[in-house]
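# Structural description and commentary
Here is how the chains run, residue by residue.
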Amino acid sequence: MINHFFRSRAEDVYFYKKDRELIEKMKRLNIEEDALRTKLRYFHKCGHCGHDMQAFELDQLTLLHCVHCDSIHIPMEALTLSRKDYWSEQSLLAWVESLKNSA
């Protein structure tokens with residue numbers, strides 16, 4: 001009888017630890033899912049009208065184009081890279097205007 005009690009207690013401790021591990025894993029997954037949902041809710045949304053934006057690549061720069069108001073958003077990284085490489089500020093603005101006119 002005593003041996004059965006200790007075995008049962010050891011099993012309880014084992015399953016308690018396994019349950020805690022599963023609960024922690026589920027919490028981590030829920031946190032990751034919430035972060036993804038939040039990112040998708042605000043990711044690629046137009047700052048002007050709030051509609052979805054489409055990403056497209058041009059000259060190795062990733063730009064965002066609003067499908068509703070036709071605005072073009074250039075990420076800050078692209079602007080800093082453009083200043084270091086071959087774009088001047090005036091030519092970059094002229095390029096964006098030509099994109100707007102061609103769309």
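These lines cover the structure that appears in this document, whether it is placed above or below. (Residues numbered from 1 in each chain as written. Predicted model: local features only at pLDDT ≥ 70, side-chain atom pairs only at ≥ 80, totals over all residues. Heavy atoms only, no water.)

### Considering the sheet that holds strand β3 (residues 72-73)
The three strands lie next to each other as β1-β2-β3, forming an open sheet whose pairing is antiparallel. With one partner strand each, in any of the chains shown, β1 (53-58) and β3 form the two edges of the open sheet. Examined bridge by bridge, strand β2 (residues 61-66) and β3 share two bridges and lie antiparallel to one another. By the bridge assignment, L64 is partnered in β3 with H73. (Pairing = 2+ DSSP bridges. Helix = DSSP H or I, 4+ residues; strand = E, 2+ residues; numbered from the N terminus.)

### Focus on the packing of aromatic side chains
Given two aromatic rings, their pairing is described by the distance between the two centres and the angle made by the two planes. If you walk through the whole model with that rule in mind, you get one aromatic pair. Each ring, one from Y14 and one from F15, has its centre 5.2 Å from the other, and the planes form 75°; the classification is edge-to-face. Using a relative accessible area of 46% as the deciding quantity, one classes Y14 as partly exposed. (Phe/Tyr/Trp six-rings, centres within 6.5 Å; stacked < 30°, edge-to-face > 60°. Buried < 20%, exposed > 50% of the residue type's maximum accessible area, 1.4 Å probe, protein only.)

### Examining the pattern of salt bridges
Under the counting rule described, the total for this entry stands at five salt bridges. The residue K18 makes a salt bridge to E21 at a minimum N-O spacing of 3.8 Å. A residue pair is termed a helical-turn pair when its members lie 3 or 4 positions apart in one helix, as K18 and E21 do in helix α1 (residues 2-42) at three residues. The class for K18 is partly exposed, based on a relative accessible area of 36%. With relative accessibility at 48%, the residue E21 sits in the partly exposed group. Among the salt bridges present, the one from E33 reaches R37, with a minimum N-O distance of 3.4 Å. (Salt bridge = Lys/Arg side-chain N within 4 Å of Asp/Glu carboxyl O.)

### Describing the state of the cysteines
Applying the stated criterion across every chain yields a total of zero disulfides. No disulfide involves C46; its sulfur sits 3.7 Å from that of C69, the nearest cysteine. Of all cysteine sulfurs in the structure, the one in C66 sits closest to C69, which takes part in no disulfide; the separation is 3.6 Å. Exposure remark for C69: the relative accessible area of 35% places this residue in the partly exposed category. (Disulfide = S-S within 2.5 Å.)

### Structural notes on the side chain of S71
Turning to its location among the elements, S71 is positioned in the loop between β2 and β3. S71 gets classed as buried once you look at its relative accessible area, which sits at 10%. Not counting the four nearest positions on each side in its chain, S71 is found in contact with C46, H48, M53, L64, H65 and C66. (Contact = heavy atoms within 4.5 Å.)

Taken by themselves, the reported measurements are silent on function.
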